[in-house]
Protein chains: 2
Amino acid sequence: MARPTPLSGFPEWLPDGRIVEQHVLDTLRRVFELHGFGGIETRAVEPLDQLLRKGETSKEVYVLRRLQEEAEGNEADAARQGRADKQLGLHFDLTVPFARYVLENAGHLAFPFKRYQIQKVWRGERPQDGRFREFTQADIDVVGAGELPYHYEVELPLVMAEALGALRDIGVPEVRVLVNNRRVAEGFYRGLGIDAVDEVLRQIDKLDKVGPEKVAALLVAEAGATPEQAEACLALAAISGSDTGVVDRVRALAAEHGVVSDLLDTGLAELGALIEAASVRAPGVVVADLKIARGLDYYTGSVYETVLVGHEQLGSICSGGRYDTLASDGANTYPGVGLSIGVSRLVSRLLSAGLVRATRAVPSAVVVAVTSEETRGASDAVATALRSRGVPVEVAPAAAKFGKQIRYADRRGIPFVWFPGRVEEDGTRSPDQVKDIRSGEQVDADAATWAPPAEDLRPRVVPATD
Amino acid sequence: MARPTPLSGFPEWLPDGRIVEQHVLDTLRRVFELHGFGGIETRAVEPLDQLLRKGETSKEVYVLRRLQEEAEGNEADAARQGRADKQLGLHFDLTVPFARYVLENAGHLAFPFKRYQIQKVWRGERPQDGRFREFTQADIDVVGAGELPYHYEVELPLVMAEALGALRDIGVPEVRVLVNNRRVAEGFYRGLGIDAVDEVLRQIDKLDKVGPEKVAALLVAEAGATPEQAEACLALAAISGSDTGVVDRVRALAAEHGVVSDLLDTGLAELGALIEAASVRAPGVVVADLKIARGLDYYTGSVYETVLVGHEQLGSICSGGRYDTLASDGANTYPGVGLSIGVSRLVSRLLSAGLVRATRAVPSAVVVAVTSEETRGASDAVATALRSRGVPVEVAPAAAKFGKQIRYADRRGIPFVWFPGRVEEDGTRSPDQVKDIRSGEQVDADAATWAPPAEDLRPRVVPATD
């Protein structure tokens, strides 16, 4: 077997990078649970027809085939006939599987149902910086049975802002949550006389990539807008701000273009309420940005994107919105609102930009030295005593010279080496000693009581500059 | 969309079941880290040719295809020509990906390298009780560069026994780790004059399923054994015990059949050392069982299986062994030893047999009531104060009658409801109150200082009989 090489788009971290990722995941989980979100996991696969309900995403789906299924009639038939209800694909996000989970288990869930979900997802896209074929998402959603109060559209982006804010102390940059409201956009476009609302949103979504001139041309070519309508759409998209003055500017723009729309008024009232509440609960974090469109078309109210300040070109690291019809079984609908953190995108930037580091690459705080293979049992006993009080410990791999055993610890960044006492000729045992290999200080110690300083107990994740 | 139904072989848990699973995973991780194992994750996919290196497993592999790849020359060609080096499949265990990770990153790892890995794996097998198409494994392995001391073959099953033992207090039954040594089996078979060692192991592995008579016939038919040789193989497989008397019984059986083998002697010395060390460190947990074969043929020394006492028919919940040639890039080999817990098999039994339960299905310890939508901000402020001290809290979804808000908490098993004080006509605010809805007791409380009893802070996982 030749040395294997990485697969483009399928990131993996070395052990110290995984400590950073695990810290991020643990922090997100802690904040989600503090807000009452319960964890669930869904299977990695969904029936292909469910994954293809949104046509835009079909190109991204990985389809599964059992290697031996040719030998078995039914599934091979299904594959040949393209029977999407029998074929399975890997999920490309956690929202579609969550909507299915809610429908499947509605009788066993209490609504409004708040859940978080941290899992891998897969998309067969061309890999780029921050864009992977396999990546981890961390989602929160709340869904109601039949109805869902608007205040959750205020609450959820603030939970995400708090979760990402809890990572500030390890060196994660500040975040801005950019919000818009589909009703504002749709009300404004329809009021202008444009009916192809989804198409306009799709083109506006390209603003950061291709710039306003190209989008203006696309609005005319693809969405059937007049040049004047296209200009008005771009003027709306140019509005942003962190106070309710934004609402007044949209109203003024609408008046200028003769736009009258109840939908616009509803959307502006919601957007204004969100900005106002956010400015109290998390000043400066939430910014109204009327160009935020979100490509997927299941959103019906608030939409969100989140950028790392100073890393805006990385794109959104946390996106989502309000959806009203994603989960419906005919008899009941389950409207929801949720956001999804692109954990892999965030972590890969933290590591590649050298923003964050782990203080060591292994859990162990102590290596217990082994004097001879015959007395390995004594070293094991020391390790057991330390572990029983929560100290991560490993025992040296071989009874090599102590210098080599110290180098074993040093190479791993393990701060302490423990030397079991020797049994003297008269049968007494000399005291155990523990050495801080950073300072060289070596002192007598008792495995029943000694503990490392709290900051050395586990690897910590800190700003790379620390 | 009609109400969806579960996919056979792809288990999912309701929120309270997920709390049980998460507790199991957290406990395993804690014990693994106490022993110095660092966490890694590998991508879900491997090149198909790597997955197919062991012919036996090929039937289990899920192959991936991008839905649109027909449109692109290269990959479609690869698929048509069956070019397994370009095709990707989902991993069916965590050992093969780990071996690849070690080779790929050898220059960045410190050896012996100890890692744990907790991830989903996929096998296209027919689903049965405890046998899934998607399931979670929790693995520990240690690999050396070039060499790996034998004592790790003693240490690793004891780490697993400790990890599973740490689940005893939630109601997980006692475990028995059954151990054997490939060298014992191979030395004995070869000494008998049988060369088709892998074939014998494969048939012996069926003992529990089909019984000794059928296996005897298979040994004759498939492994070319004489009836006498087959009988001797079965006599070896019948030996078991938790002390080193086992070694003497194997020696006696070998002598009886005129078997002389250095390999057998080496294997017996290792097996004896393992049994002896284990009887000191974890009395009664490790049992030598000479019928343990393990189907996969990469094991070269110790092999392990683990049963839940009282649930033996569930099969092994933690298996593994020593392997010498799994990871090799020609220049270097990386021998290893590891075990893998079948977490989904374990958790599904805990839930379906009603052995374990979560004290509630949500993280929240407190629901803060909302007096009116106008004063929701005051309820949010209470929640923020409680969360800042680590108390999981949610705010009521609507300013309904208090009775309805209490029922919201009750339906979720949330023990406390918090009532913010009212602002009186003279501008003073009456004290907040908190109600234990189990006892009905309601007392004045201050969000800056109050905390629930420790046992109510988070959902706990307990024996179902508690």
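Residues numbered from 1 in each chain as written. Chains lettered and ligands numbered in written order. Predicted model: local features only at pLDDT ≥ 70, side-chain atom pairs only at ≥ 80, totals over all residues. Heavy atoms only, no water.

- In the annotation of an unreviewed UniProt entry, the entry for chain A reads Histidine--tRNA ligase, and the organism field reads Cellulosimicrobium protaetiae.
- Its UniProt record gives chain A a comment under Subunit (unreviewed entry), which states: "Homodimer."
- Word for word, the UniProt comment on chain A under Catalytic activity (unreviewed entry) is "tRNA(His) + L-histidine + ATP = L-histidyl-tRNA(His) + AMP + diphosphate + H(+)". (UniProt positions renumbered as here; feature names shortened; annotations may be inferred.)

### A word on the relation of the copies chain A and chain B
- It takes a turn of 180 degrees to lay chain A on chain B, together with a shift of 0.0 Å along the axis; the resulting RMSD is 0.0 Å. These values place the two chain copies in the arrangement generated by a two-fold rotation axis. Distance from the rotation axis, computed per C-alpha, reaches its smallest value in chain A at Leu64 of chain A: 2.5 Å.
- When the interface residues of chain A are mapped onto chain B, 100% of them again lie at the interface, so the same face is used by both copies. (Least-squares fit on C-alpha atoms with pLDDT ≥ 70 in both. Contact = heavy atoms within 4.5 Å.)

### A word on the sheet that holds strand E12 (residues 336-342) of chain A
All names here are of chain A.
- The sheet built from nine strands is open, its strands ordered E1-E5-E6-E12-E11-E10-E7-E9-E8 with mixed pairing. Of all the strands in the sheet, just strand E1 (38-39) and strand E8 (240-241) have a single pairing partner and so form its edges.
- Across two bridges, E8 lies against strand E9 (residues 286-289) in antiparallel orientation. Paired with Ser240 across the strands is Asp289, a residue of E9. (Pairing = 2+ DSSP bridges. Helix = DSSP H or I, 4+ residues; strand = E, 2+ residues; numbered from the N terminus.)

### Brief notes about helix H10 (residues 227-237) of chain B
- Within H10 of chain B the residues assigned to the buried category are Gln229, Ala230, Ala232, Cys233, Leu234, Leu236 and Ala237 of chain B.
- Those residues of H10 of chain B that are buried lie in contact with helix H6 (182-192), helix H7 (197-204), helix H8 (207-210), helix H9 (212-223), helix H11 (245-256) and strand E9 (286-289) of chain B. (Buried < 20%, exposed > 50% of the residue type's maximum accessible area, 1.4 Å probe, protein only.)

### Some words on the UniProt feature "binding site: L-histidine" (unreviewed entry) in chain A
All names here are of chain A.
- UniProt records the feature "binding site: L-histidine" (unreviewed entry) for Asp93, Leu94, Thr95, Arg123, Gln137, Asp141, Arg294, Tyr298 and Tyr299 in the present numbering.
- Along the chain, Gln137 turns up in strand E6 (residues 134-143).
- Those residues in contact with Gln137 that sit more than four places away from it in its chain are Asp93, Leu94, Gln117, Ile118, Gln119, Val121, Arg123, Ser340, Ile341 and Val343.
- Tracing the backbone through its elements, the reader meets Tyr299 in strand E10 (residues 299-308).
- Apart from the residues within four sequence positions on either side, Tyr299 is in contact with Arg182, Arg294, Gly320, Gly321, Arg322 and Tyr323.

### What to know about the pattern of salt bridges
- What the rule picks out here adds up to 57 salt bridges over all chains.
- Measuring nitrogen to oxygen at the nearest pair gives 3.4 Å for the salt bridge that ties Lys114 of chain A to Glu155 of chain A. Here Glu155 of chain A lies in helix H5 (residues 151-165) and Lys114 of chain A lies in strand E5 (residues 113-122), a separation of 41 residues in the sequence. Each member of the pair, Lys114 of chain A together with Glu155 of chain A, is buried.
- Across the pair Arg438 of chain B and Asp456 of chain B runs a salt bridge whose closest N-O atoms are separated by 2.7 Å. Taken together, the residues Arg438 of chain B in the loop between strand E17 (433-436) and strand E18 (442-444) and Asp456 of chain B in helix H16 (residues 454-457) connect sequence positions 18 residues apart.
- Overall, the relative accessible area of 52% leaves Arg438 of chain B in the exposed class.
- Through salt bridges that share partners, Glu12 of chain A together with Arg43, Glu46, Arg100 and Glu104 of chain B make up one connected network. (Salt bridge = Lys/Arg side-chain N within 4 Å of Asp/Glu carboxyl O.)

### Some words on the pairing of strand E12 (residues 336-342) of chain B
All names here are of chain B.
- In terms of burial, E12 is a largely internal element, seven of the seven residues being buried.
- Burial along E12 is two-sided: the face carrying Gly336, Gly338, Ser340 and Gly342 and the face carrying Val337, Leu339 and Ile341 are both buried.
- Note that strand E6 (residues 134-143) and E12 share seven bridges and pair antiparallel. Paired with Ile140 across the two strands is Leu339, which belongs to E12.

### Side note on the domain arrangement of chain A
Residue and element names in this part refer to chain A.
- Entries for chain A in the domain assignment read domain 1 (15-39 + 97-357), domain 2 (45-90) and domain 3 (366-463).
- Put simply, the middle of domain 1 and the middle of domain 3, counted by C-alpha atoms, are 50 Å apart.
- Taken together, the nine residues of domain 1 in the interface contact five residues of domain 3.
- Summed over both partners, the interface of domain 1 with domain 3 comes to about 560 Å²; 67% of that surface belongs to carbon and sulfur atoms.
- The three residues of domain 1 that bury the most area against domain 3 are Ile19, Ile170 and Arg357, which together make up 67% of that side's buried surface.
- The interface formed by domain 1 and domain 3 includes zero salt bridges.
- Put simply, domain 1 and domain 3 have one residue pair in polar contact (both at pLDDT 80 or more) between them.
- If you list the elements that add at least two residues to the side of domain 1 that touches domain 3, you get helix H1 (15-34) and strand E13 (356-358). (Domains from an automatic or database assignment. Buried area = accessible area lost by both parts, 1.4 Å probe. Polar contact = N/O pair within 3.5 Å; in protein donor to acceptor, adjacent residues only side chain to side chain.)

### Some thoughts on the interface of chain A and chain B
- Across the contact, 92 residues belong to chain A and 92 residues belong to chain B.
- If you look at where chain A meets chain B, you find twelve salt bridges.
- Across the pair Glu41 of chain B and Lys120 of chain A runs a salt bridge, and its minimum N-O distance is 2.9 Å.
- On inspection of chain A and its partner chain B, the count reaches 37 residue pairs in polar contact (both at pLDDT 80 or more).
- In terms of residues, the side of chain A that touches chain B owes the most to one element, H1 of chain A, which gives eight residues.

### Overview of helix H4 (residues 95-105) of chain B
- Taken across its eleven residues, H4 of chain B has eleven buried, putting it largely inside the fold.
- Among all positions in H4 of chain B, only Thr95, Val96, Pro97, Phe98, Ala99, Arg100, Tyr101, Val102, Leu103, Glu104 and Asn105 of chain B are buried.
- Packing partners of the buried residues in H4 of chain B comprise H1 of chain A together with strand E2 (45-47), helix H2 (48-51), strand E5 (113-122), E6 and strand E11 (318-323) of chain B.

### Comments concerning the environment of Glu455 of chain A
- As for its position among the elements, Glu455 of chain A is in helix H15 (residues 454-457).
- Separated by 96 residues in sequence, Glu455 of chain A and Thr359 of chain A place their C-alpha atoms 9.8 Å apart.

### Comments concerning the packing of helix H8 (residues 207-223) of chain A against helix H9 (residues 227-237) of chain A
Residue and element names in this part refer to chain A.
- The interhelical angle for the contact between H8 and H9, taken along N-to-C directions, is 155 degrees, at an axis separation of 7 Å. When the axes of H8 and H9 are compared, the pair comes out roughly antiparallel. Both H8 and H9 take part in a crossing whose hand is right-handed. Side by side, H8 and H9 meet where Leu207, Pro212, Val215, Ala216, Leu219 and Val220 of the first sit next to Pro227, Ala230, Cys233, Leu234 and Ala237 of the second.
- Counted by class, the contact of H8 with H9 contains eleven nonpolar, no polar and no charged residues. (Axes fitted to C-alpha atoms, helices over the stretch in contact; angles between N-to-C directions. Parallel < 35°, antiparallel > 145°, perpendicular 65-115°, else oblique. Left-handed = near helix turned anticlockwise from the far one by under 90°. Nonpolar A, V, L, I, M, F, W, Y, C, P; charged D, E, K, R; others polar.)

### So, the packing of helix H7 (residues 197-204) of chain A against H8 of chain A
Residue and element names in this part refer to chain A.
- The geometry of H7 relative to H8 is characterised by a closest axis approach of 8 Å and an angle of 155 degrees between their N-to-C directions. By the angle between their axes, H7 is roughly antiparallel relative to H8. The residues of H8 that touch H7, namely those facing Glu199, Val200, Gln203 and Ile204, are Leu207, Val215, Leu218, Leu219, Glu222 and Ala223.
- Tallied by class, the residues present in the contact of H7 with H8 amount to seven nonpolar, one polar and two charged.

### Thoughts on the sheet that holds E17 of chain B
All names here are of chain B.
- Reading across from one edge, E15-E14-E16-E17-E18 is the order of the five strands in this open sheet, with mixed pairing throughout. In the strand order of this sheet, the two ends are held by strand E15 (393-395) and E18, each with one partner. With strand direction ignored, the average angle separating the axes of adjacent strands in the sheet is 25 degrees.
- Where strand E14 (residues 366-368) meets strand E16 (residues 416-419), three bridges bridge the pair, whose relative direction is parallel. Paired with Val366 across the two strands is Phe416, which belongs to E16.
- Strands E14, E15 and E16 of the sheet are contacted by helix H14 (residues 376-387), whose axis makes an angle of about 175 degrees with E15.

### As for the packing of aromatic side chains
- Tallied over the full model, the rule gives 17 aromatic pairs over all chains.
- Ring centres 5.0 Å apart and planes at 65 degrees place the aromatic pair Tyr298 of chain B and Tyr299 of chain B in the edge-to-face group.
- Owing to a relative accessible area of 4%, Tyr298 of chain B belongs among the buried residues under this scheme.
- Three or more aromatic residues joined by ring pairs make a cluster, and in this case those are Tyr298, Tyr299 and Tyr323 of chain A.
- Sitting over the face of the ring of Phe98 of chain A, Arg115 of chain A holds its NZ or CZ atom 3.9 Å from the ring centroid.
- The side chain of Arg438 of chain A reaches across the aromatic face of Phe416 of chain A, ending 5.5 Å from its centre. (Phe/Tyr/Trp six-rings, centres within 6.5 Å; stacked < 30°, edge-to-face > 60°. Lys NZ or Arg CZ within 6 Å of the ring centre and 35° of its normal.)

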